[in-house]
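Observations on the model geometry
Next come the chains, spelled out residue by residue.
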Amino acid sequence: MVKGRRQNLWCILLLLAAALGFAADSQRATVIRDAGLYASAGSTAQKLAQVPRGSDLTVLEKSNANNQPWVKVSMAADQAQVSREVTGWLPAQALITAATPDGDQIIFGQAVDSERQAEERGGRKGAARDAMRLYGQVAELFPSSPQAAEAMWRSADIRWQLAKGDLLRSGTPMQETYLQAVITRFPQSKQAELAAYDLLEGKLCSEWRGLAECPQKETALYEQYAKDHPQSPKAPEALYNAAWRQAALTDMYRIDGDPAKSDTARKKATALAQQIGTQYPQSDFKLRALDLIYKLEKKIPVYGPAIE
Amino acid sequence: MFRLKRMFPAVVLALAASLMAQDKEQGTLINEAMIYVSPDTSSAHLARATRGRDVPLVMDRTTISNQVWAHVLVVVDVDLDRETSRQVTGWVPSNMVVSNATRNGDQIIFGEATDSENQAEQRGGRKGAAQDAMRLYYRLYEYFPNSPLAGEALWRSADIRWQLEKSDVMARPVSQEMRPDMRDGMDEEFMKLVIKKFPRTKWADLASFDLIDNKLCGSWKGEPRCPEKESEIYEKYAREHPDSPKAAEALFNAAWRQAVLVDMLKAGEHDKSEKARKKSMELAQEIVSRFPEGDWKPRALELIFALQQGIATYDVENKKPIS
């Protein structure tokens, strides 16, 4: 009886080992240039699909055709714009796997290039999404790379900025998953602080409509961020945003005929702006804070009509 | 002797003018403001003045109903399209004027300029914010020439002007001409002023880098002489400005153009193509070793990988770079 159970265990272990062996053979990879996916190795074969940069690929087989290395890959079905699992051949020139020397930096370099393309007038269509996928691949294929945290953050940030555009156009809600993942995987890092800053945007009012409630709530959010993340590159900006919202409240309450509340907001705005000067003397925001203090002193409105 | 006598009154006059200029209260507006005929908001409007407008003279101040007013000479727009302006004398709320007599005036103007620049970059930001920033930075340099912020302010002003003009120039069909001398380039006056007034500074280095734009071909049309020439220009820049924040970018631009030449020359001139490949690799390697921090090292490594794998950088058939 015991012997029979032991035999069963051996069979399971063997099967498991075989499965693991197969998984090790089928490497994960990506491409740093757009490539065609063909039915067989060689560019004369039938073209099945286009593989965009940064695609999540699994290498199944390797071959040579026309003196050129080719790889058989399957593309993950859960990628954007790909609704099914596709298998085919592509030239191996632009393929990067975890075994490629400096692979992390090569993918990162192409991601930077794509990001730059996205920022240029007349840049490549879809370059922002290419950059987002490529940065994502650095963290996926090279989790121990020194670039992993930065790449994961940049990928999540591009996704966030694109989602922001979608929200404005179609009202599609923004998903926090990717930014939260940066915070979970790289806690206490600069990238986690940047991700936490991005997440504040999801908590801001879409429009103030002249109501004090919004700038009050937003001041508290930014002030709390600056308290929780004093070393963040975004801390001076957060303090400035808090100060500016209090300056806006100064005008709102003045327009509403509530001088006491207006004065309280003015004092709070001044204190927050002064804090930037003392806490972050090297920041560009120090000078913006000085400008704000001057406007508060001279009662120059920051909210309302351009000219009163 | 006679010459000296004749020169003396001229020197005295020049000195007096200079002293007067130093004594004059001059500045700019840090907020959009209405210019009134008299110190009273119910009086007739003379003009509307935007941020950064030149206030070459503050003549007087008066307080009416607890509000301080400044009597100013201010330069305002007449025709935005033709970029014409005129001088107006009128009254403006004094708090809008930041002058050479304002404590921390340079920092306040810089802060307002940064704020305007930020507005210009935002989707739905204030209309004309880039021009506001450009003027504000320039006023800082003009009226606070000894400020530690003067060099950076003049550079930022010149750069905003350059980018605005570049966007206009590049939108014209003539911008696609291969030779740079076939098109009207960007006006170099303010960039050259940065280099002249703040030589051997980071700002002069940045201005020199911008000036390269005027020497680049509009389009290459598959001709190797353009990327060859441009590679030389960028490499020369990197050698002459080794400490510039743009040195790594210049080297990368030079290396990338050599990579383009590899593809352009591959079909007919194999030796030259191979030489370009080596040159491109050398330049990219230099970036890797000289600039280990930042984004240029990974970009250079990616270029090296592309060269090693024979991944094309230039589409010879369609005569355009592969982006």
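Residues numbered from 1 in each chain as written. Chains lettered and ligands numbered in written order. Predicted model: local features only at pLDDT ≥ 70, side-chain atom pairs only at ≥ 80, totals over all residues.

Let's shift gears to the overall build of chain A. In terms of helices and strands, chain A carries 10 helices and seven strands. Evaluated residue by residue, chain A yields a buried proportion of 39% over its 308 residues. When contacts within chain A are restricted to residue pairs at least 6 apart in sequence, those whose partners lie at least 24 apart make up 52%. (Helix = DSSP H or I, 4+ residues; strand = E, 2+ residues; numbered from the N terminus. Buried ≥ 20, exposed ≤ 12 C-beta atoms within 10 Å, placed from the backbone. Contact = placed C-beta atoms within 7 Å.)

The next point concerns the overall build of chain B. Scanning chain B for helices and strands turns up 10 helices and 10 strands. On C-alpha atoms alone, chain B measures out to a radius of gyration of 26 Å, which is more than a quarter above the 20 Å that the 2.2 N^0.38 rule sets for 323 residues. With the C-alpha coordinates aligned to their principal axes, the bounding extent of chain B is approximately 80 × 65 × 40 Å. Pairs at least 24 residues apart make up 57% of the contacts formed inside chain B by residues separated by at least 6 positions. (Rg over C-alpha atoms; globule rule 2.2 N^0.38 Å.)

It is worth spelling out helix H3 (residues 127-141) of chain A at this point. Residues and elements named next belong to chain A. Counted at 1.5 Å a residue, the expected span for H3 with its 15 residues is 21 Å, and the 21 Å between its end C-alpha atoms agrees. Burial of H3 is extensive: 12 of the 15 residues sit out of reach of the surface. Inspection of H3 places Ala128, Asp130, Ala131, Met132, Arg133, Leu134, Tyr135, Gly136, Gln137, Val138, Ala139 and Leu141 among the buried residues, and these make up the whole buried set. Elements that come into contact with the buried residues of H3 comprise strand E1 (28-31), helix H2 (103-119) and helix H4 (148-170). (Expected span 1.5 Å × (residues − 1).)

So, about the nonpolar core. If you look at the biggest cluster of nonpolar residues, it comprises 153 residues, and the most contacted ones within it are Ala243 of chain A together with Val194, Leu251 and Ala255 of chain B. Looking at which element gives the most residues to this core, the answer is helix H8 (residues 247-266) of chain B, with 14 residues. Ignoring any residue separated from it by four or fewer positions in sequence, one finds alanine 255 of chain B in contact with Ser280, Leu283, Ala284, Ile287, Ala300 and Leu303 of chain B. (Core = buried A, V, L, I, M, F, W, Y, C linked by C-beta atoms within 7 Å.)

All right, on to the interface of chain A and chain B then. The interface is formed by 25 residues belonging to chain A together with 25 residues belonging to chain B. Breaking the side of chain A that touches chain B down by element, the ones donating at least two residues are H2 and helix H10 (284-297) of chain A. Examining the composition of the side of chain A that touches chain B, we find that eight residues originate from one element, H2 of chain A, more than from any other. Of the residues in the side of chain A that touches chain B, the class split is 11 nonpolar, five polar and nine charged. (Nonpolar A, V, L, I, M, F, W, Y, C, P; charged D, E, K, R; others polar.)

The next subject is helix H5 (residues 177-185) of chain A. Every α-helical turn comprises 3.6 residues, leaving residues that sit three or four positions apart pointing alike. Residues and elements named next belong to chain A. Within H5, burial applies to Tyr178, Leu179, Val182 and Ile183. Buried residues of H5, viewed axially, fall in a sector of 150°; they line one side. Residues of H5 that are exposed and angled more than 90 degrees away from the buried face: Thr177 and Thr184. On its buried face, H5 sits against H4 and helix H6 (190-200). (Arc of directions from axis to C-beta.)

The next subject is the packing of helix H5 (residues 189-197) of chain B against helix H6 (residues 202-211) of chain B. Residues and elements named next belong to chain B. Relative to each other, H5 and H6 sit at 150°, their axes nearing to 8 Å. As far as their axial angle goes, H6 and H5 are roughly antiparallel. Note on packing geometry: the crossing formed by H5 with H6 is left-handed. Mapping the contact onto sequence places Met191, Val194 and Ile195 in H5 and Trp203, Ala204, Ala207, Ser208, Asp210 and Leu211 in H6. (Axes fitted to C-alpha atoms, helices over the stretch in contact; angles between N-to-C directions. Parallel < 35°, antiparallel > 145°, perpendicular 65-115°, else oblique. Left-handed = near helix turned anticlockwise from the far one by under 90°.)

Residue and element names in this part refer to chain B. Put simply, H8 and helix H10 (residues 296-309) touch, their axes get as near as 11 Å, and they point 10° apart. It follows from the interaxial angle that H8 and H10 lie roughly parallel. Here the hand of the crossing between H8 and H10 comes out left-handed. Two secondary-structure elements touch here, H8 through Ala248, Glu249, Phe252, Ala255, Trp256, Ala259 and Val262 and H10 through Trp296, Arg299, Ala300, Leu303 and Leu307.

All names here are of chain B. Strands sit in the order E4-E1-E8 across an open sheet of three strands; the sheet is antiparallel. Unpaired on one side and paired on the other, strand E4 (54-55) and strand E8 (97-99) mark the two borders of the sheet. For strand E1 (residues 27-29) and E8, the ladder comprises three bridges, and the chain directions are antiparallel. Paired with glycine 27 across the bridge in E8 is serine 99. On the sheet, helix H2 (residues 105-121) packs against E1 and E8 and is oriented at approximately 130° with respect to E8. (Pairing = 2+ DSSP bridges.)

Time to look at unusual backbone geometry. Residue and element names in this part refer to chain A. For asparagine 66, which is not a glycine, the phi torsion comes out positive at approximately 50°. Relative to the assigned elements, asparagine 66 resides in the loop between strand E4 (57-65) and strand E5 (68-75). According to the C-beta neighbour criterion, asparagine 66 is exposed, with 10 such atoms within 10 Å. Phi at asparagine 67 takes a positive value of approximately 60°, unusual for a residue other than glycine. Turning to its location among the elements, asparagine 67 is positioned in the loop between E4 and E5.

So, on to the confidence of the model for chain B. Residue and element names in this part refer to chain B. Of all residues in chain B, 91% attain a pLDDT of 70 or more, and the chain-wide mean is 90. Between residues 1-17, whose pLDDT stays under 50, and residues either more than four places distant or in other chains, the model counts zero contacts. In the predicted assembly, ipTM is 0.86 and pTM is 0.87. (pLDDT = per-residue confidence, 0-100.)

Here tryptophan 244 of chain A is to be found in helix H8 (residues 235-255). Beyond its immediate chain neighbours, meaning those up to four positions away, tryptophan 244 of chain A contacts Leu292 and Val302 of chain A.

Below, the discussion takes up the environment of isoleucine 32 of chain A. Looking at where isoleucine 32 of chain A falls in the secondary structure, it is placed in the loop between E1 and strand E2 (35-38). Judged by local crowding, isoleucine 32 of chain A falls into the buried class, with 28 C-beta atoms found within 10 Å. Taking the C-alpha atoms as reference points, isoleucine 32 of chain A and serine 144 of chain A, separated by 112 residues in sequence, lie 20 Å from one another. With near-sequence residues (within four places) excluded, isoleucine 32 of chain A lies in contact with Arg53, Ala94, Ile96, Ile106, Ile107 and Gln110 of chain A together with Glu302 of chain B.

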